[in-house]
Amino acid sequence: MDFAFSEEQQMLRDGARGFLASKVPSDTVAELAESDAGWDRALWPQIAELGWLGLSVAEDAGGAGMGFIEDAVLFEEMGYALFPGPFFSTVALALPVLAGRSDAASDVIEGRATATFAWAEAGGPTDLKDIRDLATKAEGSDGEWTLTGEKDLVTDLGAADLIVVAAQGSGGVGLWLVRADGDGITKTELLGLDGTRRMGRLSLNGAPAELLVEPGEAAEVIGSVRLRALTALAVEATGISQRVLDLAKAYVSERQQFGKPIGTYQAVSHQVANMYMDTELARSTGYWAAWAVAENDESAIGAASAAKAAAGPSAVLACERAIQVHGGIGFTYEHILHRYYKRAQWIEAFEGSSAMHRAELAKTLLD
């Protein structure tokens, strides 16, 4: 079996690397992270024109009809570039729910709209695997729906035009679509660690909503979104690890001490070598999960947990090692490393720690 990327996948990777390097270099990432908006909306139609927003959506639904492995290639490159914008929230979280269920999906695929998924509640469920008994309520009459309640920790809420909301209906948990500029909607930005991926609180007060998934029938859809999200973040974390590894290799090859590059000293070179080994392990685990999710393989649940458990802490440790081998400059606010470090920590915290995912993997393997 050939585990190498196909020629088409490699072209996608090379094209994404070049586009993102030209549009969001490190200086631009830092500027956007400090800006009010947090991202450059003018890039969204350009990303759509490249076909990235509907890459794994079926052709009859307006997408490119490719697979989730191709999505994974893009997620890794987004991590490598530390892309500041709602790509993860749109493609991994919201679009799998919208595709085939709402006309709004075409607005997303064609770059006219961004999207996110709101499920967590303060004092209630915060993980996708544990959505039940929601305080957010959906009320319907004659096919018209309204939502009332509050959602917390909504990824990229400030940048989203469309919001998929999990709410409690009369028959159980369902999924609805609300428009960010609609009536009864209040968005509040939350102070977070990562300025390139912001969180928000969504308040709904009788907000008009479009039914996407009937109450009581959302569990399978939410489970599918969870697997895609975990895998997407695992390969994004791999992109982060690769980027800080590249930065570390370049620095230790150029920075000299006692007349020779500091990379020649074992205390430094061993750190870089360990970063490389951890990154390669995370990459292989992440793409195994991407294949399992793309093929709807029975190993997908365990693979997604394994990928998240491997890649999240690997990215955090890679950033710490990169900061260490950079010495004093690595600790400065002006250097890009701390922004990668913050994104890695955000990924590690999403949907539970690596220890929780190892426990889930063990349960999958042993039960």
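Right above here is the structure, for reference.
Heads up: these notes are all about the structure in this document.

Rules of the game
- Residues numbered from 1 in each chain as written.
- Predicted model: local features only at pLDDT ≥ 70, side-chain atom pairs only at ≥ 80, totals over all residues.
- Heavy atoms only, no water.
- Helix = DSSP H or I, 4+ residues; strand = E, 2+ residues; numbered from the N terminus.
- Rg over C-alpha atoms; globule rule 2.2 N^0.38 Å.
- Buried < 20%, exposed > 50% of the residue type's maximum accessible area, 1.4 Å probe, protein only.
- Contact = heavy atoms within 4.5 Å.
- Areas by Shrake-Rupley, 256 points an atom, 1.4 Å probe, with all protein chains shown as cover.
- Lys, Arg positive; Asp, Glu negative; His and termini not counted.
- Charge placed at Lys NZ, Arg CZ, Asp CG, Glu CD.
- Pairing = 2+ DSSP bridges.
- Core = buried A, V, L, I, M, F, W, Y, C linked by side-chain atoms within 4.5 Å.
- Salt bridge = Lys/Arg side-chain N within 4 Å of Asp/Glu carboxyl O.
- 1 Å grid on protein atoms, 1.4 Å probe; cavity = no way out; pocket = protein on both sides within 12 Å on 5 of 7 lines; lining within 4 Å.
- Points joined across faces, edges and corners; volume = space filled by probe spheres on them.
- Nonpolar A, V, L, I, M, F, W, Y, C, P; charged D, E, K, R; others polar.
- Axes fitted to C-alpha atoms, helices over the stretch in contact; angles between N-to-C directions.
- Parallel < 35°, antiparallel > 145°, perpendicular 65-115°, else oblique.
- Left-handed = near helix turned anticlockwise from the far one by under 90°.
- Phe/Tyr/Trp six-rings, centres within 6.5 Å; stacked < 30°, edge-to-face > 60°.
- Lys NZ or Arg CZ within 6 Å of the ring centre and 35° of its normal.
- Expected span 1.5 Å × (residues − 1).

### A few points about the overall build of the chain
A tally of regular secondary structure across the chain gives 11 helices and nine strands. For 367 residues, the compact-globule estimate of 2.2 N^0.38 gives 21 Å, and the chain sits close to it at 21 Å. Counting over 367 residues, the chain shows a buried share of 53%. Considering only contacts in the chain between residues 6 or more positions apart, those separated by 24 or more positions represent 72%. Here the chain has roughly 16100 Å² of accessible surface; of this, 51% comes from carbon and sulfur atoms. Treating the 29 positive side-chain charges of the chain as one cloud and the 52 negative ones as another, the clouds have centres 7 Å apart.

### A closer look at the pairing of strand β2 (residues 137-141)
The pairing of β2 with strand β3 (residues 144-155) spans five bridges and is classified as antiparallel. Directly across from Ala-138, in β3, lies its bridge partner Leu-147. Two successive antiparallel strands, β2 and β3, enclose a turn made up of two residues, where Asp-142 displays a positive phi of approximately 55 degrees.

### Here's the deal with the nonpolar core
If you look at the biggest cluster of nonpolar residues, it comprises 104 residues, and the most contacted ones within it are Trp-52, Phe-87, Phe-88, Phe-117 and Leu-175. Per element, the largest residue contribution to this core is 18 residues, and it comes from helix α7 (residues 219-254). Counting residues in hydrophobic clusters, the runner-up holds 17 residues, among them Trp-145, Ile-163, Val-178 and Ala-207.

### Overview of the pattern of salt bridges
Summed over all chains, the structure comprises 23 salt bridges. Residue Glu-77 is joined to Arg-17 by a salt bridge in which the shortest nitrogen-to-oxygen separation is 2.4 Å. One end of the pair, Glu-77, is in helix α4 (residues 68-81); the other, Arg-17, is in helix α1 (residues 7-23), with 60 residues separating them in the sequence. Given a relative accessible area of 1%, Glu-77 falls into the buried group. Linked by salt bridges that have partners in common, Arg-13, Arg-17, Glu-76, Glu-77, Glu-280 and Arg-283 make up one network.

### Comments concerning helix α5 (residues 87-98)
Each turn of an α-helix holds 3.6 residues, which means side chains three or four residues apart point in the same direction. A large share of α5 lies buried, amounting to 11 of its 12 residues. Residues of α5 that are buried: Phe-87, Phe-88, Ser-89, Thr-90, Val-91, Ala-92, Leu-93, Ala-94, Leu-95, Val-97 and Leu-98.

### Some remarks on empty space enclosed by the protein
Under the counting rule described, the total for this entry stands at one cavity of 30 Å³ or more. In this model, the largest cavity occupies a volume close to 40 Å³. Lining the largest cavity, in full, are Phe-75, Met-78, Phe-83, Gly-85, Phe-87, Phe-88, Arg-197, Glu-236 and Arg-343. Those elements that place two or more of their residues in the lining of the largest cavity are α4 and α5. The residue inventory of the lining of the largest cavity, partitioned by class, reads five nonpolar, one polar and three charged.

### Things to note about the packing of helix α8 (residues 266-294) against helix α9 (residues 300-326)
Direction vectors running N to C along α8 and α9 enclose 155 degrees, while the axes themselves pass 8 Å from each other. Overall, the two elements α8 and α9 adopt an arrangement that is roughly antiparallel. Handedness of the crossing formed by α8 with α9: left-handed. Residue classes in the contact of α8 with α9 are distributed as 18 nonpolar, seven polar and two charged.

### Description of the packing of aromatic side chains
Within the structure shown, the criterion is met by 10 aromatic pairs. Measuring from ring centre to ring centre gives 5.9 Å for Phe-88 and Phe-350, while their planes differ by 85 degrees; the resulting arrangement is edge-to-face. In this pair, Phe-88 is assigned in helix α5 and Phe-350 in the loop between α10 (337-349) and α11 (354-366), connecting sequence segments 262 residues apart. Owing to a relative accessible area of 1%, Phe-88 belongs among the buried residues under this scheme. Looking at Phe-350, the relative accessible area reads 8%, which means it is buried. Seen from the ring of Trp-346, Arg-197 lies directly overhead, with NZ or CZ sitting 5.0 Å from the centre.

### Points about the environment of Gly-182
Relative to the assigned elements, Gly-182 resides in the loop between β5 (172-179) and β6 (185-190). The exposure class assigned to Gly-182 is partly exposed, which follows from its relative accessible area of 30%.

### Regarding the packing of α7 against α9
In the contact formed by α7 and α9, the axes pass within 8 Å of each other and the chain directions differ by 25 degrees. Taken together, α7 and α9 sit at an angle that is classed as roughly parallel. Like other packed secondary-structure pairs, α7 and α9 cross with a definite hand, here left-handed.

### Focus: α7
The end-to-end C-alpha distance of α7 is 53 Å, a good match for the 52 Å that 36 residues give at a rise of 1.5 Å each. Across the 36 residues that make up α7, a large majority, 27, are buried.

### With respect to unusual backbone geometry
Of note in this structure, Asp-142 is not a glycine but carries a positive phi near 55 degrees. Mapped onto the elements of the fold, Asp-142 is located in the loop between β2 and β3. Taking the relative accessible area as the measure of exposure, Asp-142 reaches 80% and is therefore exposed. Phi at Asp-156 takes a positive value of approximately 55 degrees, unusual for a residue other than glycine. By the secondary structure assignment, Asp-156 is in the loop between β3 and β4 (162-169).

Without other data, these values stay purely geometric and don't point to any function.
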